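Structural features, examined
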Amino acid sequence: MSHDGVGLRAVMRSAAFLTAGVLAVPLLSACSADDEGDRPAAAQDIAPASRDQVADGGTLRWAVDAVPETLNAFQADADAATSRVAGAVLPSMYRLDANGRPQINPAYLESAKVVGTEPKQVVLYKLNQQAVWSDGREIGAADFAAQWRALSGKDSAYWTARNAGYDRIEKIERGKNNLEVRVTFARPYADWKSLFSPLYPKSVMGTADSFNDGARRKLKVSAGPFAVKKVDVKGGQVQLTRNPRWWGSPTKLSEIDLVAVARDKRATALAADELDMAEIDPADAERITAARGRSGPLKGASATGTQSPGAGRDKGEKDDSGEKTGKSKDEKARDDGKSESDSDSDESSDGDEKDTSGAEGSKAKAADQQAALSAFVVRKSLEPAYTQLALNGSEGPLADERVRRAVARALDRKELAKVVLKPLGLPAEPVGSHLALIGQAAYSDNSGALGGQDTAEARALLADAGWVPGGPVTEQKKTEKAAGSKGKKADTDDSPGDDGTYIVGEDNKPSEADRDLRKDPKDHTGAHERTSAQSGIQADEQQAGKQYAKQGGAQGAYAPKGTAAPAGAASGALAKDGKPLTLRFVLPSGQGSESLRAVADRIAQMLQRIGIRTDISKVSDASYFKDHIASGQYDLALYSWPGSAYPATDARPIYSKPVPAADGSLSVEQNYTRVGTDQVDQLFDQALSTLDEGEERSLVRKADARIWAAAGSIPLYQRPQLTAVRTGLANAGAFGFQTPVYEDMGFLKKGAHPVASPSKTG
């Protein structure tokens, strides 16, 4: 879990609420339309091409956030890079299709089915007879059994992060032959398809020592299209090379290098020819789009990405034909994917070395870098994850369900989705489920259990909870907080003299735009317009700020002192028991979180209209989750959860009711809102225990409706997925839900063209 992104299953399993009796809970039965989520909201964008159009050889340099601390996906410090390595080098019995639904992986399985339910559930796996480990040994029951024992939770010597599902297995045995594996469950388990993906060899899982330490920096035995060649922590990369014992379709690439590059350094690395593919932020996507001569809302480039003159140059000299001299086979394979205009631009770039001294040199360097970015296209889709507004229900005003519901009813979720997705040319549809995303089998829009945006209803809920406008407010000491949570002092990254906090709804506090103008009086474009990473959002921000600008104030989160309140705003802040209704809204301050802060500003405006003030605190990225979200030191926060093909298993820790621990503290698992109900827990338990897929989906939808009604978490929008890809790279990019098919990735042969991309050219 992270505030703006997350690895899927490696993180999902790592580690008092009262319902107000006076409130009706409408529409608790979930939508039953089986076809509601048949298609994802946005198609994947990977420039698909048939294998005969892809050149043999080449090295793909793919950015990751960091070299993984471990290659064991079942350990607590596993991350997204761990999962990427595992997907390339280890067996997975199932992988996800473009709709986020599990499908048998034929490289390892001929079939898998439930062959018995009484007296126990029995699943029979029939393995591909060609499936072998890289040491030549057949994949078989011994590997399945070793992984079950390691992850069952029965032996504390194994430092495991998760055991969901494995703890329900009773025994694993060989079937009629070495290619059959019989798994008998002590308790029925609906999500049995989630198990053994990835599958590690028994040499890793067989003992606690080998599990704990044997697969952290090396993986001697593998069984995927690639194998781990080297983990270079100092050099910041993981090298994957072809597995010579791979029995499936031969890999097109000869090597994949996972290169550790921070998000804010990726545009520079791309321009310097150090990467071929990287997930990027909107600001860098805009730079690439501009380099390719496009303007307006961010447009995904075509799959072939025909380049304009001035495209990026390769390393090394070119001869008269445009070919590099002394190229390796891998370099030639990568160049096969480049258009002829690449060679033309390379020739034109030869000549005298530029004078890079002073301002002219800096401008020339920037121009060269921008030109080099035209060698890339932006492939875009929606990430299998959604951003939510979390409401901490453990204390303060939000411990009252009526206040949480009022906050939720004040939000225009469609408008919030537009802030992030519309400038990127992606569907701006709000997410209607906590437990599935559009396209997945369990998806249905259950937000009706809470209700849509309704300012009058929100105010009525607050009034019922005792919060009234213009009520007496007792003057508070500087050390005394308003009615929000008892948070720690913000750990900010702001400049000296700025405590990183401002209150929306108090006219004597500056907005974020005001403060940025004060820092640079020559810049009158407004904070959101100036932030490069929000260049795609600025049009919406300008529109939202017009009503304030007309009154003589800077665009920001509230009207300046002395101006009339915007139309529909509450006449005054709400108060109760002498304290104003002020909620502490904690946000990360680092680069890459600009869109979250833009959404937070919009939310603050919406809450102000019903009389709720927001005390916005920007804290360092390092402390955001650990010191604020996980510890409950916030009222409102924005962070993301991944979607899962197995919501009954993976989402339960996120929404289960917190229970008292032995030491008197509250055990919340991953439910950082501290809001839960017995009914939700019961529905999850029932969903996990049924072997009827239709019944499981129905129970998951009912659980989701209950989660909506409790109003601890408000899903907002599916996160954008923007990937910079070198032109000519096929079967790679913005994957969406689908598990990458590593053996099919590669650089197009000269003259070859992939299938048209779902992203249109600008």
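Since the model is a prediction, treat every value here as computed from it, not as a measurement. (Residues numbered from 1 in each chain as written. Predicted model: local features only at pLDDT ≥ 70, side-chain atom pairs only at ≥ 80, totals over all residues. Heavy atoms only, no water.)

A word on the sheet that holds strand 7 (residues 180–185)
How we decide: Between any two strands, at least two bridges found by DSSP are needed for them to pair. Helix numbers and strand numbers start at the N terminus; a helix is a DSSP run of H or I with at least 4 residues, a strand a run of E with at least 2. To get an axis, a line is fitted to the C-alpha atoms, and for a helix only the part in contact is used. The angle between two axes follows their N-to-C directions and goes from 0 to 180 degrees.
The strand order across the open sheet built from four strands is 4-5-7-6, with neighbouring strands paired in antiparallel fashion. The outermost strands of the open sheet, each flanked by one partner alone, are strand 4 (109–116) and strand 6 (169–174). For this sheet, the mean angle separating the axes of adjacent strands, direction not counted, is 15°. Relative to strand 7, strand 5 (residues 122–127) runs antiparallel, the two sharing five bridges. Opposite Val123, over in strand 7, you have Val183 as the bridge partner.

Notes on the pairing of strand 1 (residues 59–64)
Our working rule: Three labels apply to residues, based on accessible area from a 1.4 Å probe with only protein chains included: buried if under 20% of the type maximum, exposed if over 50%, partly exposed otherwise in between.
Summarising burial for strand 1: six of the six residues are buried, a large majority. Residues Thr59, Arg61 and Ala63 line one face of strand 1 and the alternating positions Leu60, Trp62 and Val64 line the opposite face, and both faces are buried. Two elements, strand 1 and strand 10 (residues 255–260), share six bridges in a ladder whose sense is parallel. Of the residues in strand 10, the one forming a bridge with Arg61 is Asp257.

Describing the pattern of salt bridges
The criterion, for reference: We define a salt bridge as a contact between a side-chain nitrogen of Lys or Arg and a carboxyl oxygen of Asp or Glu at a distance within 4 Å.
Evaluated as defined, the whole model comprises 24 salt bridges. The partner of Glu279 in a salt bridge is Arg263, with the nearest N and O atoms 3.3 Å apart. With Glu279 in strand 11 (residues 277–279) and Arg263 in the loop between strand 10 and helix 6 (266–271), the pair connects residues that are 16 residues apart, well separated along the chain. Classification of Glu279 by relative accessible area gives partly exposed; the value is 22%. What makes Arg263 partly exposed here is its relative accessible area of 29%. Between Asp454 and Arg409 there is a salt bridge, with the nearest N and O atoms lying 3.9 Å from each other. Of this pair, Asp454 sits in the loop between helix 12 (413–421) and helix 13 (455–464) while Arg409 sits in helix 11 (residues 401–410), placing them 45 residues apart in sequence. When its relative accessible area of 13% is taken as the criterion, Arg409 is described as buried. Sharing partners across several salt bridges, the network here consists of Arg61, Asp273, Asp276 and Arg726.

Considerations on the packing of helix 21 (residues 678–689) against helix 22 (residues 693–710)
Formally: Roughly parallel means an angle under 35 degrees; roughly antiparallel, over 145; roughly perpendicular, 65 to 115; everything else is oblique. Crossing handedness is read from the near helix: turned anticlockwise from the far helix by less than a right angle, it gives a left-handed crossing, and turned clockwise, a right-handed one. Note on contacts: a residue pair is in contact if any heavy atoms of the two residues lie within 4.5 Å. Note on residue categories: nonpolar means Ala, Val, Leu, Ile, Met, Phe, Trp, Tyr, Cys or Pro, charged means Asp, Glu, Lys or Arg, and polar means any other residue, Gly included.
Contact geometry for helix 21 and helix 22: axes closest at 9 Å, N-to-C directions at 165°. Put simply, helix 21 runs roughly antiparallel to helix 22. Considering the relative orientation of helix 21 and helix 22, their crossing is left-handed. Taking contact as the criterion, the partners of Gln679, Val680, Leu683, Phe684, Gln686 and Ala687 in helix 21 are, on helix 22, Glu696, Leu699, Val700, Lys702, Ala703, Arg706 and Ile707. Partitioning the contact of helix 21 with helix 22 into residue classes produces eight nonpolar, two polar and three charged.

Quick word on the nonpolar core
To be explicit about the condition: What makes a nonpolar core is a set of buried Ala, Val, Leu, Ile, Met, Phe, Trp, Tyr and Cys residues whose side-chain atoms join them at distances within 4.5 Å.
By size, the foremost hydrophobic cluster in this structure holds 108 residues, and its most contacted members are Met93, Tyr125, Phe196 and Leu240. Ranked by residue count, the leading element in this core is helix 3 (residues 141–151), at seven residues. Setting aside residues no more than four positions away along its own chain, Tyr125 makes contact with Met93, Leu109, Ser111, Ala112, Phe144, Leu179, Glu180, Val181, Val183, Trp192 and Phe196. Grouped together as the second largest cluster of nonpolar side chains are 69 residues, Leu411, Ala449, Trp467 and Ala598 included.

A short note on the packing of aromatic side chains
Our working definition: Two rings from Phe, Tyr or Trp (for Trp, the six-membered ring) form a pair when their centres sit within 6.5 Å of each other. Planes less than 30 degrees apart are called stacked, planes more than 60 degrees apart edge-to-face, and all others tilted.
All told, the structure shown has 18 aromatic pairs when counted by the stated rule. Geometrically, the ring pair formed by Tyr94 and Trp192 is edge-to-face, given 6.1 Å between the ring centres and 85° between the ring planes. Of this pair, Tyr94 sits in strand 2 (residues 94–96) while Trp192 sits in the loop between strand 7 and helix 4 (202–205), placing them 98 residues apart in sequence. Assigned by exposure class, Tyr94 and Trp192 land together as buried. Three or more aromatic residues link up through ring pairs in this structure, and these residues are Phe74, Tyr94, Tyr125, Phe144, Tyr166, Trp192, Phe196 and Tyr200.

Some words on the sheet that holds strand 16 (residues 579–580)
Spatially, the three strands line up as an open sheet ordered 13-15-16, and their pairing is antiparallel. Looking along the sheet, the strands with just one partner apiece sit at the ends: strand 13 (468–469) and strand 16. As paired elements, strand 15 (residues 574–576) and strand 16 share two bridges and run antiparallel to each other. Paired with Ala575 across the strands is Pro580, a residue of strand 16.

A look at unusual backbone geometry
The omega torsion across Glu118 and Pro119 is 0°, close enough to zero to call that bond cis. Residue placement: Pro119 occurs in the loop between strand 4 and strand 5. In this model, Ser197 is joined to Pro198 through a cis peptide bond whose omega is 5°. For Pro198, the location among the structural elements is in the loop between strand 7 and helix 4. Despite not being glycine, Ala47 shows a phi value in the positive range, around 50°. Examined against the element boundaries, Ala47 turns out to sit in the loop between helix 1 (9–12) and strand 1. Residue Ala47 is classed as buried on the basis of its relative accessible area, which comes to 0%. Phi at Glu669 takes a positive value of approximately 50°, unusual for a residue other than glycine. Mapped onto the secondary structure, Glu669 falls in the loop between strand 21 (666–667) and helix 21.

Some words on helix 21
Residues spaced three or four apart along an α-helix point in a common direction, a consequence of the helix completing one turn every 3.6 residues. Rules: One less than the residue count of a helix, multiplied by 1.5 Å, gives the span that helix is expected to have. The arc in question is the one traced by the directions running from the helix axis out to the C-beta atoms.
End to end, helix 21 covers 17 Å across twelve residues, agreeing with the expected 16 Å (1.5 Å per residue, within 8%). Every buried residue belonging to helix 21 is among Val680, Asp681, Leu683, Phe684, Ala687 and Leu688, and all of these are buried. Mapping the buried residues of helix 21 onto a view down its axis gives an arc of 165°, with all of them on the same face. Close packing links the buried residues of helix 21 with helix 19 (647–650), helix 20 (652–655) and helix 22.

Considering the side chain of Ser640
Put simply, the rule is: Two N or O atoms form a polar contact when they lie within 3.5 Å of each other; inside protein one atom must be a possible hydrogen donor and the other a possible acceptor, and for residues adjacent in sequence the pair counts only when both atoms belong to side chains.
Examined against the element boundaries, Ser640 turns out to sit in strand 19 (residues 636–642). Among the residues examined, Ser640 registers a relative accessible area of 0% and is labelled buried. In this structure the side chain of Ser640 is engaged in a polar contact, spanning 2.9 Å, whose partner is the side chain of Thr387.

Things to note about the environment of Ala142
Among the structural elements, Ala142 can be located in helix 3. When the C-alpha atoms of Ala142 and Arg174 are compared, they prove to be 8.2 Å apart, with 32 residues separating the residues in sequence.

Remarks on the confidence of the model for the chain
Close reading of the predicted structure is inappropriate where its pLDDT is low. In plain terms, the rule: Values of pLDDT, ranging from 0 to 100, describe the predictor's confidence in every residue of the model.
Model confidence for the chain is summarised by a mean pLDDT of 80, while 72% of its residues fall at 70 or above. Predicted confidence is poor over residues 300–330, with pLDDT under 50, and the contacts of this stretch with residues over four places away or in other chains come to 88 contacts. This stretch, residues 487–499, has a pLDDT under 50; its non-local contacts, to residues over four places away or in other chains, come to 32 contacts.

Focus on the side chain of Arg162
Our working definition: When charges are counted, Lys and Arg contribute as positive and Asp and Glu as negative, whereas His and the chain ends are disregarded.
The residue Arg162 is located in the loop between helix 3 and strand 6 in this model. The buried charged residue Arg162 lacks any salt bridge partner; its closest oppositely charged side chain belongs to Asp650, at an N-O distance of 6.2 Å. Here the side chain of Arg162 touches Ala73 through a polar contact of 3.5 Å, landing on its backbone oxygen.

A look at the pairing of strand 17 (residues 582–588)
Across the seven residues that make up strand 17, a large majority, seven, are buried. Two strands pair when backbone bridges link them, and strand 17 and strand 18 (residues 613–619) are joined in this way by seven bridges, in the parallel orientation. Paired with Leu587 across the bridge in strand 18 is Lys618. Bridge count for strand 17 against strand 19 is two bridges, and the pairing is parallel. Bridged to Val586 within strand 19 is Ala637.

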